[in-house]
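# Structural features, examined
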Amino acid sequence: MKVVIIGNNVAGTFSAQNIRNLNEDVEIELYTQEKFPYYTRINLPELISEKISIEDLIVFKDNWYKSKNLKLHLNKKVNKINPQNKTISIEEKDELISYDKLILALGSTPNIPPIKNAVVMKNDKKGVFTLRSIDDALEIKDYIKNPDVNKAIIIGGGLLGLELANQIKDCNLETTVVEFFPQLLPRQLDIECGIMLKEEIESRGIEVVLNATTEEILGDGKVIGIKLKGGEQYDADIVLIQAGIRPTIDLAKKANIETNRGIIVNEFLETSEIDIFAIGDCIEYKNQIYGIIPACMEQSKIVATSVFGTKNVEYKGTTPKNTLKIMGLDLTSIGVIEPSKEPSGGWEILRKADKKDCCYQKLVVKDNKLKGAILFGETKAISFIYNKMEQNVSKEELRKLLELYVYECENCGAKYDEVTMDVLFKDLPDDWKCNCGALKTKFKKMND
Ligand SMILES: Cc1cc2nc3c(=O)[nH]c(=O)nc-3n(C[C@H](O)[C@H](O)[C@H](O)COP(=O)(O)OP(=O)(O)OC[C@H]3O[C@@H](n4cnc5c(N)ncnc54)[C@H](O)[C@@H]3O)c2cc1C
């Protein structure tokens, strides 16, 4: 049997590895249009600020492929899938490559919102960039070396936008993040934690503009700024757009494989076409696009069994898990973080907002199961949360985990339970009084 994989990043590479782990004899070929073997995209912003080199990004070098008997074809863009005769065609080559099973691990490209001049100024290299590949990072690095480039605008206040802003700031550029939503990380944080994060980002010298719809990129020969919908203008010598992803679907669409926003797959990661599978950023499963590495890794295990026709492992979706990678700033968001946006009821929330120490912890529970968490500025609970996601948890152990206490008034017996109060007991003003008139000092901690 011959398995052909198009795409050689996380999804493609780990599918190849997992298939090899199941079978030593199957022929496996990988095709990628990029010129590098599998490298991680996570640290691309640090390539711009020259904290790391290309070598540091490469995860598996040529020898790794050889040792696993995987044939890797770099610089080969697939331009057609022919499901009728089970072949793919390579751009500018007459050859047809045959397959018995085909895996589409085509990934995604940066989304460019409908902003006047954005696409044309990016294509004409007039100071508008997106970041997805090593080549993109190298182009940005070269551009900002020009002494005339001093001000940067990052369109998009999501994880990648903030990580990029942090590295651009480290290159000594005046840096502004422009976000469409009323808060940073709108998909990973609630509004309260969003405000804390904004303050933290601003304290690092990065300007943040919220509720901002970029309407136009200004400049003729090169970028000179942006204009927002309200008419406000911001100067910039470079504009970096980091506003989500678009799954790569064209190749599948041309081959009449069912697509929507992504390539549609079922629980075995089969597409609508027999013997063609798809995984990673390019897929849509039950209306979800994932765009994160843990999803690619999970799917790569399942597709490895599916190509052998063993339909005993089903994909059930991946819990979103995100960590902001900015030095000295700890932020992790996992699963459901805003129950008010969920269709069903019965949710419980335990939160601890320690504004003085700039820490925020929120745990989301439903039917006694841990469903989600935000941890900002405090990492002690991370391993507990990773281990207990979707598992039964008791209120008491969560209370202990977050160090939330009950205080009792020695005068009247009234209780101050931090689980139900917005303000931590230590943050109450010194002249705060119990209903009976007793001062804060009359309260005793009950559950140490
Ligand atoms: C800057 C940055 C930071 C990130 N940080 C994180 C993080 O911290 N955590 C996390 O979980 N995720 C992160 N991500 C997202 C993560 O990198 C993606 O989820 C992951 O790369 C998806 O892997 P993939 O294999 O599905 O697709 P891709 O990585 O997009 O790879 C697809 C490959 O297929 C190739 N290809 C496409 N079409 C063709 C064709 N026609 N012919 C030949 N080759 C083709 C592409 O060139 C590409 O090499 C980050 C992404 C970026 C850009």
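What you are looking at is a predicted structure, and each value in this text was computed from that prediction instead of being measured. (Residues numbered from 1 in each chain as written. Predicted model: local features only at pLDDT ≥ 70, side-chain atom pairs only at ≥ 80, totals over all residues.)

For the rest of this paragraph, the subject is the overall build of the protein. Looking only at helices and strands, the protein has 12 helices and 28 strands in total. Oriented by its inertia axes, the alpha-carbon framework of the protein measures out at about 90 × 60 × 40 Å. With 448 residues in all, the protein has 37% of them scored as buried. When contacts within the protein are restricted to residue pairs at least 6 apart in sequence, long-range pairs at least 24 apart make up 60% of them. (Helix = DSSP H or I, 4+ residues; strand = E, 2+ residues; numbered from the N terminus. Buried ≥ 20, exposed ≤ 12 C-beta atoms within 10 Å, placed from the backbone. Contact = placed C-beta atoms within 7 Å.)

Close to the ligand lie 34 residues; Gly-7, Asn-9, Ala-11, Gly-107 and Gly-280 are nearest. Looking at the shell around the ligand, the elements with two or more residues in it are α1 (10-22), α2 (44-48) and α10 (293-306). Looking at the shell around the ligand residue by residue, the class counts come to 17 nonpolar, 11 polar and 6 charged. Of the residues that make up the shell around the ligand, three or more belong to each of domain 1 (2-109 + 246-306) and domain 2 (118-243). (Near = placed C-beta within 6 Å. Nonpolar A, V, L, I, M, F, W, Y, C, P; charged D, E, K, R; others polar. Domains from an automatic or database assignment.)

For the rest of this paragraph, the subject is the pairing of strand β22 (residues 329-335). The pairing of strand β21 (residues 321-326) with β22 spans 6 bridges and is antiparallel. Looking at β22, one finds that Lys-325 is bridged to Asp-330. Following β21, the chain reverses through 2 residues before pairing antiparallel with β22; Gly-328 in that reversal takes a positive phi of roughly 80°. (Pairing = 2+ DSSP bridges.)

With that settled, the discussion passes to α1. For α1, which comprises 13 residues, the first-to-last C-alpha distance of 18 Å matches the rise-based estimate of 18 Å (1.5 Å per residue) to within 8%. For α1, the complete set of buried residues consists of Val-10, Ala-11, Gly-12, Thr-13, Phe-14, Ser-15, Ala-16 and Ile-19. Residues of α1 that are buried in the fold lie against β1 (2-6), β2 (27-31), β7 (101-104) and α10. (Expected span 1.5 Å × (residues − 1).)

Another aspect to go through is the nonpolar core. Ile-154, Leu-197, Val-239 and Leu-240 are the most contacted members of the largest nonpolar core, which totals 62 residues. Look past the residues within four positions of Leu-240 in its chain and what remains in contact with it is Phe-129, Leu-131, Ala-152, Ile-154 and Leu-164. Judged by nonpolar contacts, the second largest core, of 48 residues, contains Leu-102, Ala-255, Ile-264 and Cys-296. (Core = buried A, V, L, I, M, F, W, Y, C linked by C-beta atoms within 7 Å.)

This next bit is on the environment of Val-223. Relative to the helices and strands, Val-223 resides in strand β14 (residues 223-228). When the 26 C-beta atoms within 10 Å are taken as the criterion, Val-223 is described as buried. Separated by 122 residues in sequence, Val-223 and Lys-101 have C-alpha atoms that sit 46 Å apart. Those residues in contact with Val-223 that lie beyond four places of it in its chain are Met-121, Lys-126, Gly-127, Val-128, Ile-217, Ala-236, Asp-237, Ile-238 and Val-239.

Here we take up the domain arrangement of the protein. One can read the domain layout of the protein as domain 1 (2-109 + 246-306), domain 2 (118-243), domain 3 (328-402) and domain 4 (406-445). One C-alpha centre belongs to domain 2, the other to domain 4; they are set 45 Å apart.

Below, the discussion takes up the sheet that holds strand β15 (residues 233-235). Strand order in the open sheet formed by 3 strands is β13-β14-β15, with antiparallel pairing between adjacent strands. A single partner strand is all that each edge strand has here, and the edge strands are β13 (214-219) and β15. When strand polarity is set aside, the average angle formed by the axes of neighbouring strands in this sheet is 25°. Where β14 lies against β15, 3 bridges are found, and the strand directions are antiparallel. Of the residues in β15, the one forming a bridge with Ile-226 is Tyr-234. (Axes fitted to C-alpha atoms, helices over the stretch in contact; angles between N-to-C directions.)

Take helix α6 (residues 134-144) next. If you check which residues of α6 are buried, you get Ala-137, Ile-140 and Ile-144. Burial along α6 is one-sided: seen end-on, the buried residues are contained in an arc of 65°. In α6, the exposed positions angled more than 90 degrees off the buried face are occupied by Asp-135 and Asp-142. The secondary structure elements touched by the buried residues of α6 are α2, β9 (128-129) and β16 (238-241). (Arc of directions from axis to C-beta.)

Structurally, Ile-374 can be placed in strand β25 (residues 369-376). Each C-alpha atom of the pair Ile-374 and Asp-281 lies 24 Å from the other, and the pair is 93 residues apart in sequence. Leave out the neighbours within four places in its chain, and Ile-374 touches Leu-189, Asp-190, Cys-193, Ser-333, Ile-337, Tyr-360, Gln-361 and Lys-362.

What follows concerns the packing of α1 against α10. Packed helix pairs are characterised by how far apart their axes lie and by the angle those axes make with each other. Running from amino to carboxyl end, α1 crosses α10 at an angle of 35°, the nearest separation of the two axes being 8 Å. As for how α1 packs across α10, the hand of that crossing is right-handed. From α1, Val-10, Ala-11, Phe-14, Ser-15, Asn-18, Ile-19 and Leu-22 reach across to α10, where they touch Ile-293, Cys-296, Met-297, Gln-299, Ser-300, Lys-301, Val-303 and Ala-304. In the contact of α1 with α10, the residues fall into 10 nonpolar, 4 polar and 1 charged. (Left-handed = near helix turned anticlockwise from the far one by under 90°.)

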